[in-house]
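Coordinate inspection notes
Below, each chain spelled out in residue letters.
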Amino acid sequence: MKIFHSIKSFQGEKQTVVTIGTFDGVHLGHRKILEQITKNAKQLSCESLVLTFFPHPRMVLQEDTEMKQLNTLQEKMELLESLGVDNLVVHPFDKDFSRLTAEEFVKNVLVEVFKVKKIIIGHDHRFGRNRTANIDDLIVFGETHGFEVEQISAEEINEVSISSTKIRNALLEGNVKLAADYLGYNYSLSGIVTKGKQLGRTIGYPTANITIDESYKLIPENGVYVAKALVEGNTVFGMMNIGTRPTVDGTTQTIEINLFDFEKDIYNKQITVSLLKRMRPEQKFESIEVLKAQLAVDKTNAQDYINSL
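Now for a look at the structure at hand. (Residues numbered from 1 in each chain as written. Predicted model: local features only at pLDDT ≥ 70, side-chain atom pairs only at ≥ 80, totals over all residues. Heavy atoms only, no water.)

This part takes up the pattern of salt bridges. Under the defined criterion, the tally for this structure stands at 10 salt bridges. Residues D96 and R99 are paired through a salt bridge, measuring 3.0 Å at the closest nitrogen-oxygen approach. Of the residues examined, D96 reaches a relative accessible area of 58% and is grouped as exposed. Between D298 and R280 there is a salt bridge; the shortest N-O distance is 2.8 Å. (Salt bridge = Lys/Arg side-chain N within 4 Å of Asp/Glu carboxyl O. Buried < 20%, exposed > 50% of the residue type's maximum accessible area, 1.4 Å probe, protein only.)

Now the structure itself:
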C-alpha cells in the first residue's frame, strides 16, 4: 500500500475507485465499504484509494471535544493495508480544508488529483463546507464529471449494526469481547515498556508498564483483563491491569501486564497487547497480602480462559 500524507502529494497514473471517511476502528461496517472499493478497482482496472484525515475532523471543528479514538494513525494504516487497499491518503485536516465547497472538493480533489472513476460511500456520507452536500449532490457531480457513484445502503451496514460510537461505549464499559465482535479483531494497546515502581516484582507478579504516546487513543475501563501480548515477534499470554492501583494509594492511571512464563528484559521495547476478556473491576484491597491472594485467583482464571481458546 502506498501512503501519502496530503492530497497534494498523491501521485498515481491509473484512475481510482475512492472512498472517504475517518474509518476509526476499521470495523466490520467499514469493511463492507473497503471490500467494495478493492473489488471494484480490480474489475475496472483501477487502483483503490482511501482518503482519510488526521486529526479527526471533530477534534478540529469542535475544539472543546476531547475525542478518544479506537486506532492510532499507525494502527489504522496497518489495518487498511491488511485489507488490500492500494493507496491511502492521510490529509491533515484543518479549518481551511473544511471551508472547501462540495464543488471545489469534487473538481479539485476527486477529479483532478485522484482521477476518480468511481466513488463508494456509506449511506449517511455528507461533505463540503458545513457538510451541506449529500449523496444526491454527489450523483449530480458524477454525471457532470464522468464518474460513477455507489452508495452502501443503511440496510447493508445495519446487518452488522456497527458504529465506532458503539465500540467506544463497549470499551468504556470494559466489554472488550463485544468490542471485538464489532471490530472483527481484538482491541489492542501499543506502547513502550517503561520502569514503574516494581511493586509487582516484590510480590511475585512482575509487570511490564506500558506507556502509550498517543493521548487520543481510547483506554478501556479500569479493571483486570486476560491479555495476549506481542513482544519482539513472540506471542505471550498474561493478565493486565488498567487503573490507579488503589491498594498502594496510587492516583494516576497505569497500564501494566504480568506476562506468564516470560522472564526477558523488555524495558524500552515496543509491546502490543490485545485485550481478550475483562475478569473483574479494579478494587482496593485491605492489604498487600489480600491483593496477592486475589492475583493468584486472577492468574488461575486467566489461564483457564486461555486454555479454553
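From this point on, the discussion continues.
What follows concerns the pairing of strand β4 (residues 87-92). Regular strands place side chains that alternate from one sheet face to the opposite one. Burial analysis of β4 places 5 of its 6 residues in the buried class, which makes it a mostly covered element. The sheet contact formed by strand β3 (residues 47-54) and β4 spans 6 bridges and is parallel. Within β4, the residue paired with T52 across the bridge is V90. (Helix = DSSP H or I, 4+ residues; strand = E, 2+ residues; numbered from the N terminus. Pairing = 2+ DSSP bridges.)

The subject of this paragraph is the sheet that holds strand β11 (residues 254-259). The sheet built from 6 strands closes into a barrel, its strands ordered β7-β8-β11-β10-β9-β12 with antiparallel pairing. The sheet shows a mean angle of 45 degrees between the axes of neighbouring strands, taken without regard to direction. Relative to strand β12 (residues 270-280), strand β9 (residues 223-231) is paired through 8 bridges, and the arrangement is antiparallel. Looking at β12, one finds that A229 is bridged to V273. Along the sheet face, helix α11 (residues 288-308) touches β9, β10 (234-243) and β12 and points at about 100 degrees away from the line of β12. (Axes fitted to C-alpha atoms, helices over the stretch in contact; angles between N-to-C directions. Contact = heavy atoms within 4.5 Å.)

Purely geometric numbers; function is a separate question.
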